[in-house]
Amino acid sequence: MFLKQLQQLAEHAGDECVATLCQNPQRFSQFKTSAAELTLDTSRQKMSAETFTKLTGLANESGFNHAYKAMRQGDEINFTEGRAVLHTLLRNLDSSDPRAEEVRASLAKMQTLTKAVQSGEWKGYSGKAIRDVVNIGIGGSDLGPRMIYRAMLHYRHNDINVHWVANIDPADIEKKLATLNPETTLIVVSSKSFSTPETLNNANAARKWLIDNGVTDVAKHVVAASSNVKMAIEFGIDESNIFPLWDWVGGRFSLWSAIGLPLMMGFKPGTFEAILGGALAMDEHAESAPAERNLPAQLALFELWNVNAHGTSSRAVLPYCHDLRLLPAHLQQLEMESLGKSVNLKGERVDYPTGGVVWGTEGSNGQHSYHQLLHQGNQGIAAEIILPLSSPNEPVQHLKLIANALAQSQVFCYGQSAAEAKEALLARGMDPDQAKVIAKHKEILGNRPHSIVTMESLNPHTLGALIAAYENKVFFCGYWQEINAFDQWGVELGKVHASTMETVLTSGDTANVDDGYAAIVSAYQSATQ
């Protein structure tokens, strides 16, 4: 078992000091990996070059490239649901896989609708062109596409605005619809099953809003991405405007499919296709490169190393790019829903940690909230800094942003000793005895393991590559931990209980719930009478 070998290697490697390791002038070249216009710098991880060579050697012996190729070829690796895992096919448009023809046909259909909407050929019931697109979805039908829309600010279409509704809290959809004109609004219902409670409730609210505001032909204002054609038609959607989804694409990996339709409509022509191209470039690299040069494999290896060798329980994802501010939220679903498992492929309960907590916000905002804990807290937290090196925005401010990112990395790495702090205090004229005390409070140990991902600029190609890198990381983590990264039975159980609890809240019958829940149900009924 690879993970057991990694743990044994960690026992012999001991604890390394990042600051000491980084004094080696060859270290950056040894720990730098580039692919698809991204560069991953892992030189500030707590691992020696000798250990890195041993670990990547073990990874290569594990056959991870072969396993990844098998996934891309359609092996039924999600065996608990009896499904292949083929999200990579959605960006591999030249594939000879028979299913690729369906993918190409769906993409062409998306392009046709997009052209009609953007040109004004598609008109609402009153003859006015569409100006606003509202995506209604949740989870993978929202987080990834929403993140990409925010990230590609400079690639948006001038005449189409895209809005996002996910939460079943009515405040979400009511606030969005209040600002829109029903005559010029197109609703996209994004739900594979067309029965996800949050999405269906919001879709019904949107349809009611259309009808209440005089829309006499709902079919001209609603399209869908769904595999449940029957329910979509019953909802009032023309069959020709229902875009397919397949059971071999999981929700959190689906943004490359018709779930990306709102993106295509909201972006300038060719942008969505360029995102696919960046992802494909990363997939091809992931399949062919050995571990010592494989960017997503190294993301996975250092994740496993930090968790198993150094006891980290979470990772802060820190995009120093305001347009990437929703990336941590997307990665939370992608990684935590995939890797949050407690049994292996044989159904045996594991005795090692699997998925860690992923969190973070955009820099430099986070520096003024939780970075204090990263610098002086004693929790085991790793970090990743995501850093586009150029920007279409004001160059002097962007330089300051880069400086802040690198400065945070320096503090993560080198910290500040009590002696350095005391020397600075004395230079300011502080009493020596007081300086000795205060210096202890200003001591920062550093030695926090972290990586830096850079790209020349944030553009459709590099964004596609970045997302695909993390998707491929998830596959490698699952493979090396011998868990199924592609089911989500905890999520499904939550849906079952939500349905049951809705019945309890409606009926007031609390016979089958405990006293704590019964008290809340009673309070709810009193508050809403």
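Residues numbered from 1 in each chain as written. Predicted model: local features only at pLDDT ≥ 70, side-chain atom pairs only at ≥ 80, totals over all residues. Heavy atoms only, no water.

(A) Here's a closer look at the overall build of the chain. Helix and strand content of the chain: 21 helices and 11 strands. A compact globule built from 529 residues should have a C-alpha radius of gyration of about 24 Å, and the chain, at 25 Å, falls within 12% of that. Its C-alpha atoms give the chain principal-axis dimensions of about 80 × 60 × 55 Å. Across the 529 residues in the chain, those meeting the buried criterion constitute 51%. Considering only contacts within the chain whose residues lie at least 6 apart along the sequence, 76% involve residues at least 24 apart. For the chain, the exposed area adds up to about 23,300 Å²; of that, 52% sits on carbon and sulfur atoms. Placing the 44 positive and 57 negative side-chain charges of the chain at their respective mean positions leaves the two points 4 Å apart. (Helix = DSSP H or I, 4+ residues; strand = E, 2+ residues; numbered from the N terminus. Rg over C-alpha atoms; globule rule 2.2 N^0.38 Å. Buried < 20%, exposed > 50% of the residue type's maximum accessible area, 1.4 Å probe, protein only. Contact = heavy atoms within 4.5 Å. Areas by Shrake-Rupley, 256 points an atom, 1.4 Å probe, with all protein chains shown as cover. Lys, Arg positive; Asp, Glu negative; His and termini not counted. Charge placed at Lys NZ, Arg CZ, Asp CG, Glu CD.)

(B) How the structure looks around the pattern of salt bridges. Enumeration over the complete set of coordinates arrives at 22 salt bridges. The closest approach of N and O atoms between lysine 54 and glutamate 50, which form a salt bridge, is 3.4 Å. On the criterion of helical spacing, the pair formed by lysine 54 and glutamate 50 is a turn pair, its members being 4 residues apart in helix H4 (residues 49-61). Given the relative accessible area of 54%, glutamate 50 is considered exposed. The shortest N-O distance in the salt bridge between arginine 91 and aspartate 283 comes to 2.6 Å. Residue arginine 91 is found in the loop between helix H5 (64-72) and helix H6 (100-119), and its partner aspartate 283 is found in helix H12 (residues 271-288); the two are separated by 192 residues along the sequence. Using a relative accessible area of 2% as the deciding quantity, one classes arginine 91 as buried. Shared partners join several salt bridges into a network, and the residues in it are Glu303, Arg315, Glu335, Glu384 and Lys473. (Salt bridge = Lys/Arg side-chain N within 4 Å of Asp/Glu carboxyl O.)

(C) Spotlight on the UniProt feature "active site" (unreviewed entry) in the chain. The residues that UniProt annotates with the feature "active site" (unreviewed entry) are Glu337, His368 and Lys495. With the annotated positions falling across 159 residues, the maximum pairwise C-alpha distance of 36.9 Å shows that they are not confined to a single cluster. Of the annotated positions named here, the largest pocket is lined by Glu337 and Lys495. Here glutamate 337 is to be found in helix H14 (residues 327-339). What glutamate 337 contacts, discounting residues up to four positions off in sequence, is Arg252, Gln332, Asp487, Gln488 and Val491. One polar contact links glutamate 337 to arginine 252, side chain to side chain, over a distance of 2.8 Å. Relative to the helices and strands, lysine 495 is located in helix H20 (residues 489-507). (UniProt positions renumbered as here; feature names shortened; annotations may be inferred. 1 Å grid on protein atoms, 1.4 Å probe; cavity = no way out; pocket = protein on both sides within 12 Å on 5 of 7 lines; lining within 4 Å. Polar contact = N/O pair within 3.5 Å; in protein donor to acceptor, adjacent residues only side chain to side chain.)

(D) View of the packing of H20 against helix H21 (residues 515-528). In contact at an axis separation of 9 Å, H20 and H21 are set at 50° when each is read in the N-to-C sense. Taken together, the axes of H20 and H21 lie oblique to each other. Every pair of crossing elements has a handedness; the one defined by H20 and H21 is right-handed. In this structure, H20 contributes Val504, Leu505, Thr506 and Ser507 to the contact, and H21 contributes Val521, Tyr524 and Gln525. Looking at the contact of H20 with H21, its residues break down into 4 nonpolar, 3 polar and no charged. (Axes fitted to C-alpha atoms, helices over the stretch in contact; angles between N-to-C directions. Parallel < 35°, antiparallel > 145°, perpendicular 65-115°, else oblique. Left-handed = near helix turned anticlockwise from the far one by under 90°. Nonpolar A, V, L, I, M, F, W, Y, C, P; charged D, E, K, R; others polar.)

(E) Structural context of empty space enclosed by the protein. If you walk through the whole model with that rule in mind, you get 5 cavities of 30 Å³ or more. Of the voids in this model, the largest cavity is the one considered here, and its volume is about 80 Å³. Taken together, 13 residues line the largest cavity, and the ones lying closest to its centre are Gln45, Phe302, Glu303, Asn306 and Glu384. With 5 residues, the single largest contributor to the lining of the largest cavity is helix H13 (residues 295-310). (Points joined across faces, edges and corners; volume = space filled by probe spheres on them.)

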